[in-house]
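Examining the three-dimensional arrangement
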Amino acid sequence: MQQAAAPKVSFVSLGCPKALVDSERIITRLRAEGYELARKHDGADIVIVNTCGFLDSAKQESLGAIGQAMAENGKVIVTGCMGAEPEQIEAAYPGVLSITGPQQYESVLDAVHRALPPVHNPHLDLVPPQGIKLTPRHYAYLKISEGCNNRCSFCIIPKLRGDLVSRQAGDVLREAEKLVTAGVKELLVISQDTSAYGVDVKYAASPWKDREVRAKFFDLAKELGEFGAWVRLQYVYPYPHVDEVIGLMTEGKVLPYLDIPFQHASPEILKAMKRPAAQDKTLARIKKWREECPELTLRSTFIVGFPGETDSDFAYLLDWLEEAEIDRVGCFKYEPVAGASSNALGSPVPEEIKQERWNALMARQQKISARRLKRKVGTRQQIIIDEVGPTVSKGRSKADAPQIDGAVYVSSRRPLRVGEIVTAKIERADQYDLHGSVAGF
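The following refers to the structure shown. Please read these numbers as outputs of a predicted model, since none were measured by experiment.

Our focus in this paragraph is the pairing of strand E16 (residues 380-387). Bridge count between E16 and strand E19 (residues 421-429): five bridges; the pairing is antiparallel. Within the sheet, the bridge partner assigned to glutamine 382 lies in E19 and is threonine 423. Bridge count between E16 and strand E17 (residues 392-396): three bridges; the pairing is antiparallel. Note on E17: the bridge partner recorded for isoleucine 385 is glycine 395. Linkage of E16 to E17, two consecutive antiparallel strands, is achieved through a turn of four residues.

Another aspect to go through is the environment of leucine 361. Summarising the element assignment, leucine 361 is placed in helix H12 (residues 351-374). Taking the relative accessible area as the measure of exposure, leucine 361 reaches 0% and is therefore buried. The sequence separation of leucine 361 and glycine 74 amounts to 287 residues, and the corresponding C-alpha distance is 44 Å.

Our focus in this paragraph is the side chain of glutamate 146. Here glutamate 146 shows up in strand E7 (residues 145-146). Apart from residues no more than four positions distant in its own chain, glutamate 146 is found in contact with Asp22, Arg25, Gln103, Tyr105, Arg161, Asp163, Leu164 and Val165.

Strand order in the open sheet formed by five strands is E2-E1-E3-E4-E5, and the pairing between neighbours is parallel. Two strands lie at the open edges of the sheet, namely strand E2 (36-37) and strand E5 (98-99), each paired on one side alone. Alignment of strand E4 (residues 76-80) against E5, held across two bridges, turns out to be parallel. Looking across to E5, one finds that valine 78 is bridged to isoleucine 99. Packing of helix H1 (residues 17-32) onto the sheet brings it into contact with strand E1 (8-13), E2, strand E3 (46-51) and E4, and relative to E1 it is tilted by some 170°. Most of the contacts of helix H4 (residues 105-115) go to E4, to which it runs at about 175°, and overall it touches E3, E4 and E5.

Moving on to the pattern of salt bridges. Oppositely charged side chains can form a pair if their charged atoms are brought close together. Summed over the entire model, instances satisfying the criterion amount to 31 salt bridges. Across the pair arginine 211 and aspartate 210 runs a salt bridge, and its minimum N-O distance is 3.0 Å. Residue classification places aspartate 210 among the exposed residues on the basis of a relative accessible area of 68%. Put simply, lysine 253 and glutamate 226 hold a salt bridge, and the shortest N to O gap is 3.2 Å. A residue pair is termed long-range when its members are at least 10 positions apart, and lysine 253 in the loop between helix H8 (242-250) and strand E13 (257-259) and glutamate 226 in the loop between helix H7 (217-224) and strand E12 (230-233) qualify at 27 residues. Overlapping salt bridges, with partners in common, bring together Arg290, Glu322, Glu325, Asp327, Arg364, Arg371, Arg372 and Arg375 in one network.

This brings us to unusual backbone geometry. Of note in this structure, lysine 209 is not a glycine but carries a positive phi near 55°. You can see lysine 209 is positioned in the loop between strand E10 (205-208) and strand E11 (211-214). Non-glycine residue glutamine 403 carries a positive phi angle of around 75°.

With six of eight residues buried, H7 lies mostly within the body of the structure. Taken as a whole, H7 has its buried residues at Phe217, Asp219, Leu220, Ala221, Glu223 and Leu224.

Taken in spatial order, the five strands of this closed barrel run E16-E17-E18-E20-E19, and their pairing is mixed. Here the average twist between neighbouring strands, direction ignored, is 55°.

The rules behind these values
Residues numbered from 1 in each chain as written. Predicted model: local features only at pLDDT ≥ 70, side-chain atom pairs only at ≥ 80, totals over all residues. Heavy atoms only, no water. Pairing = 2+ DSSP bridges. Helix = DSSP H or I, 4+ residues; strand = E, 2+ residues; numbered from the N terminus. Buried < 20%, exposed > 50% of the residue type's maximum accessible area, 1.4 Å probe, protein only. Contact = heavy atoms within 4.5 Å. Axes fitted to C-alpha atoms, helices over the stretch in contact; angles between N-to-C directions. Salt bridge = Lys/Arg side-chain N within 4 Å of Asp/Glu carboxyl O.

So, to be careful, I would describe these as geometric facts and stop short of saying anything about function.
Now the structure itself:
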């Protein structure tokens, strides 16, 4: 009897790493049911588009991706953050088969089953125990919670993804163990608000191996540090208990790296933004962290041109940036987002002033970054290799997260492998990247 051809699904994943994890979960389930992934829309039986709806520019990108899928295939299922408010998608593309919000895996699978029933072959459909990953084999995102309890005035994420829902610590650790067993060398710990992990379940403990582990930021980070992989903490709000994790960094359990979305420094603007965590003593805390862990790298994001931001607010931010010496910075010009409470604030900043402030902040940051990187010249750094070349390969140090930070370009006498961790001597630095040669394996 001839085996029926496996149904083919083409997949587009837009937005942040948290959305990428949602995509991985959907794809893992589809592969387990015998669906195959197609590289192109026109060779597929159906297309799934996982959208981003955070900013208007992201919504436009999502609508463009849906339009392309409709033009090239015609059978399209939409999910993700933009799907939480489907009116805009329905108006532009009334022919889409189904629209669901983020994390609604069952609804997406139901829509696929309706449009394209599975042809299951238990001998062919072997999914690796760690699931299907959309990242390279040597690193993986580990999502520890969904949603967010904060109500920042410029953000609609809680409206799209709901309040904080933390995973059990035991579940997170089991997933991490599977990933490391499968060859993952770096775990990137993510959520909307990583340091708030467990607050919704009152830090309840769950079984792991021969013990109970609390759903608490420090406890989870400590356990993850036992796997021998790099553990990188992202999207960390500076709550007081974050101080405890610096000790894990000095012990080498987790990477000396914190991604903290400060967004601004002016007390008036932070108040208007309704930012969580006390920001008034942040400079003193950063100083203390660096005294305790001199290797610490700080990455952050800032918004310029927020409604009501004055010249003095912006000058305050530049001075703060200079004193804090943040290593890596992303900067956004404020965009009003439909449904965000900041839209009701008066005193909008004109577009040309937003651009001037963005240029000024990035120019200032470039100097800070160059100054911080220059200190690494002459040191030896562990580098994880992302791309190999004939003589020079591209990798990252412990100070660099994939996709968002700088790179380290290393020359080597012998061919390197993707995912390999080598020791490199740093020979020179520019504004964002380091250059050196392999000094050990």
